[in-house]
Amino acid sequence: MGVQGFRFSGGRLPDEALLSGLATGDPELTVTFVRRFQHTVFGVAIAIIGDPQLAEDIAQQTFERAWRHAQMYDSRRGSVTTWLTAIAHNLAIDAVRSRRPEPVAPEDLDALLGVVSETPEQHALADEASSRLRAAVAKLPREQGRALVMAGIYGMTGQQIADWEKIPLGTAKTRIRTAMGKLRTTLDSPKRGNHVQ
């Protein structure tokens, strides 16, 4: 009995079965799949981007990518939710990086660091690897965390960070390098989480 035989109870199907229905283009299962995950996917996008219209676009792109690449899903690497939210997360980060960096007040960066550790994204990206990453970033000294966010999320150069923070270029580079080293050490420790694409 294939996925088609479960049409009457699509809302109760496991996530993997709905993903299979999405891959085959079954309209009822596709609608059920989108309804099941739309709030989670939008939550990830809005937490990263902050713009509801752009977050909706990211959510749509996430479902389109899931449809095109459904056959690549591997349950050994994480749940459907983890896989889907990782797609949304990556698309949202790409969208942030593609936008020209706008001036950001230092107090806004502190709030952005909070986004990494205390938002709907935290609940959506519940797999062990992302939890460990958020925890590691949250434990960094504030100035290192800020430099890392400026470089990693906003795509700022060492010189731009130095100018913005009013510190020497060498100090900015050291903060980024030290933060990356601490993250690498934390994430390379024995129990590594599953990685998703």
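Source: prediction; values computed, not measured.

**Examining the overall build of the chain**
Right, so step 1: Scanning the chain from terminus to terminus reveals 10 helices and 0 strands.
Right, so step 2: Walking the chain from its N terminus toward its C terminus, one meets helices and strands in the order α-α-α-α-α-α-α-α-α-α.
Right, so step 3: When each of the 197 residues of the chain is scored for burial, the buried share is 40%.
Right, so step 4: Sequence separation of at least 24 residues holds for 65% of the intrachain contacts in the chain that already meet a minimum separation of 6.
Right, so step 5: By element, 55% of the accessible surface of the chain is carried by carbon and sulfur atoms, the whole surface being about 11,000 Å².

**Some thoughts on the packing of aromatic side chains**
Right, so step 1: A complete count under the given rule lists 3 aromatic pairs for this structure.
Right, so step 2: Summarising the aromatic geometry, the rings of Phe33 and Phe63 are spaced 6.1 Å apart at their centres and angled 85° between planes, so their arrangement reads as edge-to-face. Here Phe63 lies in helix H3 (residues 52-69) and Phe33 lies in helix H2 (residues 27-49), a separation of 30 residues in the sequence.
Right, so step 3: For Phe33, a relative accessible area of 0% translates into the label buried.
Right, so step 4: Taking the relative accessible area as the measure of exposure, Phe63 reaches 11% and is therefore buried.
Right, so step 5: With a centroid separation of 5.7 Å and 65° between ring planes, the pair formed by Tyr73 and Trp83 is classed as edge-to-face. With Tyr73 in the loop between H3 and helix H4 (80-98) and Trp83 in helix H4, this residue pair connects regions lying 10 residues apart in the sequence.
Right, so step 6: A network of ring pairs unites the aromatic residues Phe33, Phe37 and Phe63 as a single cluster.

**Examining the packing of helix H1 (residues 15-24) against H2**
Right, so step 1: Interaxial distance between H1 and H2 falls to 8 Å at its minimum, and their mutual angle equals 130°. Compared by their axis directions, H1 and H2 come out oblique. Note that H1 runs across H2; the crossing there is left-handed. When H1 is examined against H2, the residues Asp15, Leu18, Leu19, Gly21 and Leu22 are found in contact with a partner set consisting of Leu29, Thr30, Thr32, Phe33, Arg36 and Phe37.
Right, so step 2: For the contact of H1 with H2, a count of residues per class yields 6 nonpolar, 3 polar and 2 charged.

**Remarks on unusual backbone geometry**
Right, so step 1: At Lys166, a position not held by glycine, the phi torsion is positive, near 60°.
Right, so step 2: In this fold, Lys166 is placed in the loop between helix H9 (158-165) and helix H10 (169-187).

**Considering the side chain of Thr85**
Right, so step 1: Mapped onto the elements of the fold, Thr85 is located in helix H4.
Right, so step 2: Judged by its relative accessible area of 1%, Thr85 is buried.
Right, so step 3: A distance of 2.8 Å separates a polar side-chain atom of Thr85 from the backbone oxygen of Thr81.

**Digging into the nonpolar core**
Right, so step 1: Membership of the largest hydrophobic core comes to 30 residues, with the highest contact counts inside it found for Leu19 and Phe33.
Right, so step 2: Counting residues per element, the ones that place at least two in this core are H1, H2, H3 and H4.
Right, so step 3: Ranked by residue count, the leading element in this core is H4, at 10 residues.
Right, so step 4: Ignoring sequence-local partners within four residues, the contact set of Phe33 consists of Leu18, Leu19, Leu22, Phe63, Val80 and Leu84.
Right, so step 5: If you look at the next biggest cluster of nonpolar residues, it comprises 8 residues, including Met156, Ile167, Ala172 and Ile176.

**Overview of H3**
Right, so step 1: A rise of 1.5 Å per residue sets the reference length of H3, with its 18 residues, at 26 Å; its end C-alpha atoms lie 25 Å apart and thus fit the reference within 8%.
Right, so step 2: One side-chain oxygen of the residue at the start of H3 lies 3.0 Å from the amide nitrogen of Gln53, identifying that residue as Asp51.

About the thresholds
- Residues numbered from 1 in each chain as written.
- Predicted model: local features only at pLDDT ≥ 70, side-chain atom pairs only at ≥ 80, totals over all residues.
- Heavy atoms only, no water.
- Helix = DSSP H or I, 4+ residues; strand = E, 2+ residues; numbered from the N terminus.
- Buried < 20%, exposed > 50% of the residue type's maximum accessible area, 1.4 Å probe, protein only.
- Contact = heavy atoms within 4.5 Å.
- Areas by Shrake-Rupley, 256 points an atom, 1.4 Å probe, with all protein chains shown as cover.
- Phe/Tyr/Trp six-rings, centres within 6.5 Å; stacked < 30°, edge-to-face > 60°.
- Axes fitted to C-alpha atoms, helices over the stretch in contact; angles between N-to-C directions.
- Parallel < 35°, antiparallel > 145°, perpendicular 65-115°, else oblique.
- Left-handed = near helix turned anticlockwise from the far one by under 90°.
- Nonpolar A, V, L, I, M, F, W, Y, C, P; charged D, E, K, R; others polar.
- Polar contact = N/O pair within 3.5 Å; in protein donor to acceptor, adjacent residues only side chain to side chain.
- Core = buried A, V, L, I, M, F, W, Y, C linked by side-chain atoms within 4.5 Å.
- Expected span 1.5 Å × (residues − 1).

As far as function goes, none of this settles anything; it's purely spatial.
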